[in-house]
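Observations on the three-dimensional arrangement
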Amino acid sequence: MGALRQRRERDNISVTANTTTPILGRRRSSGSTISKLVLRIGTLVMIVAVPMLYNMPTPDLQTSSAQKQKNDVTVKKDTNVAASEYESPKREEGDAKTNQKAAEPSIAWEVVPAADHMDATIAELKPATLCTCAKCGSTSLWEELFAIVEGKSFKSMNYTGPPWIHDLLNKKLWTNIEAKRRTDWSNFKDQDSFALIRDPKERIVSAWKSKVTCDTDEEIPGHRMFVPRLLKLAGPSSNMTARTDKGFPCLDLSDYLAVLSQIHAQGREGSLNEHFLPQHLGCFKDVPPSMWTVVTTISGPNALCSLKSVVSKSANMSNTDDGCQIMIKTHNYTRNVDLSRADEDILDRITIKEYEMLRKYLDA
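Residues numbered from 1 in each chain as written. Predicted model: local features only at pLDDT ≥ 70, side-chain atom pairs only at ≥ 80, totals over all residues. Heavy atoms only, no water.

**What about empty space enclosed by the protein?**
Which entries qualify depends on this criterion: Here a cavity means grid points, on a 1 Å grid over the protein atoms only, where a 1.4 Å probe fits yet cannot get out; a pocket means an open set of points with protein on both sides within 12 Å along at least five of seven lines; lining residues are those with an atom within 4 Å of a point. Grid points are joined across faces, edges and corners, and a volume is the space filled by probe spheres set on the points. Here the term charged refers only to Asp, Glu, Lys and Arg, the term nonpolar to Ala, Val, Leu, Ile, Met, Phe, Trp, Tyr, Cys and Pro, and the term polar to all other amino acids, Gly among them.
Applying the stated rule across the entire model yields one cavity of 30 Å³ or more. By volume, the largest cavity is sized at about 40 Å³. If you trace the largest cavity, you find it lined by Ile107, Cys133, Arg203, Glu274, Leu277, Pro278, Gln279, Gly282, Cys283 and Phe284. Partitioning the lining of the largest cavity into residue classes produces six nonpolar, two polar and two charged.

Structure, rendered in structure tokens:
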């Protein structure tokens, strides 16, 4: 039995050994196949992955480069924007002047008799160009014009604006004429024309009194509109501020003149509101006074008859009787003011171009 057990165990070992060999052989065969599979997979991975690995940094680099360029552009753009904001008033002023030459309407009115009315009053009217600067007696002028073209006094209308009488497009008042701001000057010489002017220094002081003065205890409608606009146009470099101790923004006369001086020194006077706009940039921006039929002040002895002759067919400009003077409407802002030497120097400086153009008409 012992010998038989030993023999069986020996046979089992032999069988196991014989069995193991083929199994190991199959394992080696299987291992070889796996190795080949791994090799192939590895090759595929290399084929696919390596180019990907090779290309991936490139887009990143390109993106980074593009982003850098974008950032550089952004920085440059921001820098330019800052420079543009700092320099914008000069550039905007230049653009505005260019646009004015091309398309901006003048402050002058082109007036023609109304086409849809043919009564006797309208039949007497003729086309004309009319212009007045603000603070030149414009209210008085338009009231006189109203009486001429409408055949009745403005006072009889019991009218209160807005729109004000100054707006010739206001059909509540101006029914006998058609008006528009003049943009085309090609036919200017074909019509009579009338321009109202004022002594430049008087006008600047008058504009201060009626729009931005601190010499009042009551707020004027222009305070909150004109004072901030003037300071903004002067720019931060002016270091000027408004007084607010009276409950509204205002400017003392010397400060007002200093602000105007800053605006003129920077070449921005063409952007001033019409109450402060120099007269050579207003009515005479496109056509010099020598080309106008009539250039006069509101107090001119023949102002009213001249206005009638410009807009009416039968009026005679040569009349010089007492009825030819326009009744001037004042706004109670005519109190005398005290000017320092510095104030007078500023006035001399900022009005020099106006006097060069208008002196002979002011002296007439």
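Now, onward.
**Things to note about the packing of aromatic side chains**
Put simply, the rule reads: The criterion for an aromatic pair is that two Phe, Tyr or Trp rings (for Trp, the six-membered ring) have centres within 6.5 Å, with stacked assigned to planes under 30 degrees apart, edge-to-face to planes over 60 apart and tilted to the rest. Strands are runs of DSSP state E lasting at least two residues, helices are runs of H or I lasting at least four, and both sets are numbered from the N terminus onward. For every residue, the accessible area obtained with a 1.4 Å probe (protein chains only) is divided by the maximum for its type, and the residue is called buried under 20%, exposed over 50%, and partly exposed between those limits. Only Lys NZ and Arg CZ are tested; either one counts as a charge over a ring when it is within 6 Å of the ring centre and within 35 degrees of the ring normal.
Counting across every chain of the model gives nine aromatic pairs. Ring geometry for phenylalanine 146 and tryptophan 174: centres 5.4 Å apart, planes at 75°, overall edge-to-face. With phenylalanine 146 in helix α4 (residues 138-150) and tryptophan 174 in the loop between α4 and β3 (177-181), this pair connects stretches of sequence that are 28 residues apart. Grouping residues by exposure puts phenylalanine 146 and tryptophan 174 together as buried. Taking the centre distance of 6.2 Å and the plane angle of 65° together, the rings of phenylalanine 154 and tyrosine 159 count as edge-to-face. Residue phenylalanine 154 is classed as buried on the basis of its relative accessible area of 15%. These aromatic residues form a ring-pair network of at least three members: Phe146, Phe154, Tyr159 and Trp174. Here arginine 182 stacks its cationic end above the ring of tryptophan 185, 5.3 Å away from the centre of that ring.

**Some points on α4**
Just so we agree on the cut-off: Under the convention used throughout, the expected extent of a helix is 1.5 Å for every residue step, that is, one less than its residue count.
For α4, spanning 13 residues, the distance from its first C-alpha to its last is 18 Å, which sits close to the expected 18 Å at 1.5 Å a residue. Counting buried positions along α4 gives eleven out of 13 residues, so the element sits mostly inside the fold. Among the residues of α4, Ser138, Thr139, Ser140, Leu141, Trp142, Glu144, Leu145, Phe146, Ile148, Val149 and Glu150 are the ones counted as buried.

**Focus on the confidence of the model for the chain**
Defined as follows: pLDDT gives the predictor's per-residue confidence on a scale running from 0 to 100. Two residues qualify as a contact provided that any one of their heavy atoms is within 4.5 Å of a heavy atom in the partner residue.
Per-residue confidence for the chain averages 78 on the pLDDT scale, and 66% of its residues sit at or above 70. Under a pLDDT of 50 for its full length, residues 13-29 has, in the predicted model, zero contacts with residues more than four places off or in other chains. Segment residues 53-103: pLDDT under 50, and twelve contacts once partners within four positions in sequence are set aside and those in other chains are kept.

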